[in-house]
Structure formats: C-alpha cells, structure tokens
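Descriptive analysis of the structure
Letter by letter, the chains look like this.
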Amino acid sequence: MQKRDLNRLAALLQGTYYPINCVSLAFFVPVFQTFGFSKFQIGMIMMLGYISTTLMQPVWGFLCDKFSSPKRLVLTASSVSVAMYFLLIFSDGAAVPVCIAVVGAYATLQPMGSIIDSWLSKLMLEGYQLNYGVTRSSGSLTYAIVAFFYGFVLDRFGIRISPFIMLALYLLFISIVLRMPNPEAAPLRVKISLTGGVRYLAAQKAYLVFLAAYFLTYIANAAIGTFLSVLVMEKGGTQAHVGMLLFVGAMVEMPTMLLFHKFRRRFPIRTEYLLIISMFFYGIKSLLLGLAPSLAFIFIANITQALAYALFLPASIYYLMETIDKKYLSTAQLFCSAIGASLCAIIFNPVCGALAERMGTQPMLRFVSIFAFAGAALMSVTLFIRRDTAVEAS
C-alpha cells in the first residue's frame, strides 16, 4: 500500500474515533450531573469505569499481540460501546443500568485509542511510512469541531439525542476500520502469552520507570478529566462552555502533533526530554485550573494542553517503540494505559471526589498538581538508564 493511501486511512481512522469519544465519554460527567449525582457519587461511578478499563486493557493488548487482528477487536469493542451508551442515556439515572453501561463503555471504548495506537505502531515498525503526529492531529481536529457544536446541541435538544449522534459516527468509523490493513501475524514458532509479556516488561527498567512516572502524572490528569466540567459549572458555565473548552483544548493540540515528526527530524532530542516537558505541563495545567478566578481564565489555562497531552501522546508512542520488543508492543502500550492512567483514576477519582466535596474543586486541583511535577522528576531517571532494544523477548 502506498504511503499516501495509508496515511489518509490512518488520519480518517483517528478522525472518526475521537468524535465518538467526544460525544460519549467526554460528556459522561455532565450526564451524571443531569441525573442529580453528587461529586462523590460521580467519583465512585468513574472509579467503576476505570476498574473495567484497567482490567480489560492488558487483555486487549495481549489479544492484539496474539492474533495480530486489531481490526476485529476494534469492530467488536466499538459495537459494544454504542449499545452501552444507549443503555446509559435511557437509564434515567437508575443505579444498575448506569453501572452496567459505564463498566461496559469503559471496558471497550476507553481502551480503543490505545488499541489504535498500537495498531499504527506495529504498521510503522513493519515499514509502512506513517506520520503518527499528522494522522493523530486529524483526531484532534474532528474532536475540536464536534466538541464545539456538541455542547450547543445538548443545550438545545437535550442529552437523549447523544446516542443517535454516536451511532451515526460509529457507522462512519467502522467503514474506515474495514479498509485498514492488519499487521503481519507472528510466526507460528513464536509463542505469545500474557504471562510471558508481563515477565518481559517487568525486566525492562526504562519501561517500569516510565510507567511509574505516567501513573504519577495521570493523577492530575484524572482529576482534570473528571472535574473540569464541574469547575466550569461552578464558574457559571453551561454544557456549551464545556464543549467550547474541549474545542480549545483539541485545537491547541494540533500544531504540536502536526510538527512533532518534523521537529524530531530537525532536532534529534531524546524522547525522554519531551516526556519530562509534557509531564511538567500537566502539573502547570492542574495548578492554573486550581487558581482560575473566572471562566475565561479556565480557557486560558486549557491552552497548556499543547505541551501536556499533545506532546505526551506522540512522545510516549515513540518511546515505547524505541524501548520495547515488537512482539509485546501492544501489551506494553495497553499496560501503560491500564496501570499508568486507569489504575490511578480508580484510586484517585473517589479520593479527588471526596477532597472536592471537603475542600472545594479548585484546592483539590492545586493539590494534585504536585503529583504531575513528581512524575516529571521521576521520568528524568530514564536519562541514565541504558535501553537495550536488541534483547529479545523470552
């Protein structure tokens, strides 16, 4: 397949997945607020979701490595996620359907971004000329456009229209998925097991330090992701403002992602430095939100997304490609998401919810910024660890 054709398909794949994420997962907290849930209840419900994500992400990663068919896995996961979102919206806040829907959506839709990233990473390692930053920026663009208008749509038509919007996006998404190539299957003589992958990853010091730094940084990110919309409402905003805020965040991501590959080629800076910078700016973002005196300042603080998430995502993808044997690359990426992001959300979403109830949303955000700064400091340790990518996975 020609470079131009695969880059276009990869851009369309990212560009259709992230709007699905936007109209569903990104607006879960506003949905819970319409059901009348308290901050602590929202934290507990989100904890359930992240538990399911944490448990399922390593499984998805193993299945990707074992069967080399991310296409089939993505089709299955996306289909289930649509059904779960319909269940959530039409549950009317009933406890059991809400819990089932949240667990199901977070077990399928939340890990899908990492599955897609591992899919593209393997294709790049096989020689496909893919520009990850450019293709991923299409996801930021479509996310921004959908987020900008989606808040107004919800204010105008209500939350019950959202699963039908998700269904339309899903049908477009699967039409792209079906056209993407699967990576090459591992030779029959190569045995891949989940326990083998865990043993291999446990022996990679650079990976383990990155995982710990990822965990610390995402304590702040989890708090921002869950309580940003709460902060907007507290400052007098509406769902339309939440949508505009997501739009701003996604738009400022684009230049970083578009220029990431060109920057790395022109300035051969080590990937570790880029990760340290991005983790530091996660702390800056949380601190600024915690200090925001007005709704307008929240929008200004959100600009730091350009050097936080937008830099962290492509840098982490390349870091793992440089560090991990291709045999277990999907497992490594999904374990990062499970432990680094989801497990910290399980532990700290209810803690942050309780802190927000007790001390207020902004003091809580100022407090958790400390963890992101600690993650950046810990990541600097990897500068002194020799990475041996020539060691084969056993």
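Structural notes, computed from the coordinates. (Residues numbered from 1 in each chain as written. Predicted model: local features only at pLDDT ≥ 70, side-chain atom pairs only at ≥ 80, totals over all residues. Heavy atoms only, no water.)

Comments concerning the overall build of the protein chain
Helices and strands together make up the secondary structure of the protein chain, namely 15 helices and zero strands. Compactness check: the protein chain gives a C-alpha radius of gyration of 20 Å against a globular reference of 21 Å for 394 residues, within 12% of the reference. Summarising its shape, the C-alpha atoms of the protein chain cover approximately 55 × 45 × 40 Å along the three principal directions. Each of the 394 residues in the protein chain was classed as buried or not, and the buried ones make up 58%. Counting contacts in the protein chain only where the partners sit at least 6 residues apart, residues at least 24 apart contribute 88% of the total. Accessible surface for the protein chain amounts to roughly 15,500 Å². Of this, 68% is attributable to carbon and sulfur atoms. Seen as two clouds, the 29 positive and the 15 negative side-chain charges of the protein chain have centres 2 Å apart. (Helix = DSSP H or I, 4+ residues; strand = E, 2+ residues; numbered from the N terminus. Rg over C-alpha atoms; globule rule 2.2 N^0.38 Å. Buried < 20%, exposed > 50% of the residue type's maximum accessible area, 1.4 Å probe, protein only. Contact = heavy atoms within 4.5 Å. Areas by Shrake-Rupley, 256 points an atom, 1.4 Å probe, with all protein chains shown as cover. Lys, Arg positive; Asp, Glu negative; His and termini not counted. Charge placed at Lys NZ, Arg CZ, Asp CG, Glu CD.)

Thoughts on unusual backbone geometry
At D92, a position not held by glycine, the phi torsion is positive, near 55°. Relative to the assigned elements, D92 resides in the loop between helix 4 (70-89) and helix 5 (95-125).

Some details on the packing of helix 8 (residues 194-202) against helix 14 (residues 329-359)
At a minimum axis distance of 10 Å, the contact between helix 8 and helix 14 shows a crossing angle of 75°. The angle between the axes of helix 8 and helix 14 places the two elements in the roughly perpendicular class. Side by side, helix 8 and helix 14 meet where L194, V198 and L201 of the first sit next to T331, A332 and F335 of the second. The class makeup of the residues in the contact of helix 8 with helix 14 is five nonpolar, one polar and no charged. (Axes fitted to C-alpha atoms, helices over the stretch in contact; angles between N-to-C directions. Parallel < 35°, antiparallel > 145°, perpendicular 65-115°, else oblique. Nonpolar A, V, L, I, M, F, W, Y, C, P; charged D, E, K, R; others polar.)

Here we look at the nonpolar core
Core analysis: the biggest nonpolar cluster contains 134 residues, and F28, F32, L88, F173, Y207 and F210 have the highest contact counts within it. Of the residues forming this core, the biggest block, 19 residues, is contributed by helix 9 (residues 205-234). In this view, L88 contacts F28, V31, F32, F35, V98, A101 and V102; residues no more than four positions away in its chain are not counted. (Core = buried A, V, L, I, M, F, W, Y, C linked by side-chain atoms within 4.5 Å.)

With respect to the packing of helix 6 (residues 132-157) against helix 10 (residues 239-266)
Helix packing for two helices is described by the angle between their axes and how far apart those axes are. Look at helix 6 against helix 10: their axes get within 7 Å of each other, and the N-to-C directions meet at 170°. By the angle class used here, helix 6 and helix 10 are roughly antiparallel. Of the residues contributing to the contact of helix 6 with helix 10, the split by class is 18 nonpolar, six polar and three charged.

Details of the pattern of salt bridges
Counted under the stated rule, the structure contains five salt bridges. Here D65 and K122 are joined by a salt bridge, their closest N and O atoms 2.5 Å apart. Highlighted residues: D65 in helix 3 (residues 39-67) and K122 in helix 5, separated in sequence by 57 residues. A relative accessible area of 6% means that K122 is categorised as buried. In this structure, D92 and R160 form a salt bridge, with 2.3 Å as the shortest nitrogen-oxygen distance. Taken together, the positions of D92 in the loop between helix 4 and helix 5 and R160 in the loop between helix 6 and helix 7 (162-177) put the pair 68 residues apart, joining distant regions of the chain. You can call D92 exposed: its relative accessible area is 55%. Assessed through its relative accessible area of 38%, R160 is described here as partly exposed. (Salt bridge = Lys/Arg side-chain N within 4 Å of Asp/Glu carboxyl O.)

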